[in-house]
Amino acid sequence: MGRVLRTYLPGNRIYACSNCRAHLTNYDDIVSKSFQGRTGRAYLFNSVVNVSLGPTEERILNTGLHKVSDLYCNCCDFYLGWRYEEAFEQSQKYKENKVVLEKARMTREEWSM
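The paragraphs below set out a description of the structure included in this document. (Residues numbered from 1 in each chain as written. Predicted model: local features only at pLDDT ≥ 70, side-chain atom pairs only at ≥ 80, totals over all residues. Heavy atoms only, no water.)

With respect to the pattern of salt bridges
What counts here: The salt bridge criterion pairs a side-chain nitrogen of Lys or Arg with a carboxyl oxygen of Asp or Glu, the two atoms within 4 Å. Helical segments are the DSSP runs of H or I of at least four residues, strand segments are the runs of E of at least two, and each set is numbered from the N terminus. Buried, partly exposed and exposed residues are distinguished by accessible area as a fraction of the type maximum, computed with a 1.4 Å probe on protein chains only: under 20%, between the cut-offs, and over 50%, respectively.
Scanning the entire structure with this criterion turns up seven salt bridges. Residue E86 is joined to K67 by a salt bridge in which the shortest nitrogen-to-oxygen separation is 3.7 Å. Of the two residues, E86 sits in strand β7 (residues 79–87) while K67 sits in strand β6 (residues 64–73), which places them 19 residues apart along the sequence. We classify K67 as partly exposed; its relative accessible area is 28%. Among the ionic pairs, R83 bridges to E85, the shortest N-O distance being 3.2 Å. A residue is classified by how much of its surface remains accessible, and E85, at 23% relative accessible area, is partly exposed. Within this structure, R38, E57, R59 and D70 form a network of salt bridges that share partners.

Structural data, given as structure tokens:
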């Protein structure tokens, strides 16, 4: 396998992988903080970097049936959360192509005020 290209995000409120500290997203990309993951609280984000997707599957979540792909860190293969590929209920369509990262699986980097 070749060398992994790691993207570094600008700014001072960055979320990173808790295992290897690869940048994932920034605070400004949060859509909602009221999600529940496998390990507890989770956040919905507009976009992420340094991740790879697992296979797409249909999964029944708290808000109904969705097509999702698990999300892994590109640098260390650590499970981070999932991406909504398709929502079957009209009220859940806003989640499509957005990412849920579990709070326990990420850490805050460069949070100077």
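Back to the text.
Digging into the side chain of K98
What counts, and what does not: Under the convention used here, Asp and Glu are negative, Lys and Arg are positive, and both His and the chain ends fall outside the count. Here a polar contact is taken to be a pair of N or O atoms separated by no more than 3.5 Å, where protein atoms must pair a possible hydrogen donor with a possible acceptor and residues adjacent in sequence count only if both atoms sit in side chains. Whether two residues are in contact is decided by their heavy atoms: any pair within 4.5 Å suffices.
Residue placement: K98 occurs in the loop between β7 and β8 (99–102). Of the buried charged residues, K98 lacks a salt bridge, with E96 as the closest side chain of opposite charge at 8.8 Å. A distance of 3.3 Å separates a polar atom in the side chain of K98 from the backbone oxygen of Y94. Not counting residues within four places of it along the chain, the set of residues in contact with K98 comprises V31, L44, F45, N46, W82, R83 and Y84.

A closer look at unusual backbone geometry
Here the phi dihedral of R21 falls at roughly 70°; this positive angle occurs in a residue that is not glycine. Examined against the element boundaries, R21 turns out to sit in the loop between β1 (14–17) and β2 (23–26). Its relative accessible area of 46% is what places R21 among the partly exposed residues. Backbone geometry at D77 places phi at a positive 65°, although glycine is not the residue there.

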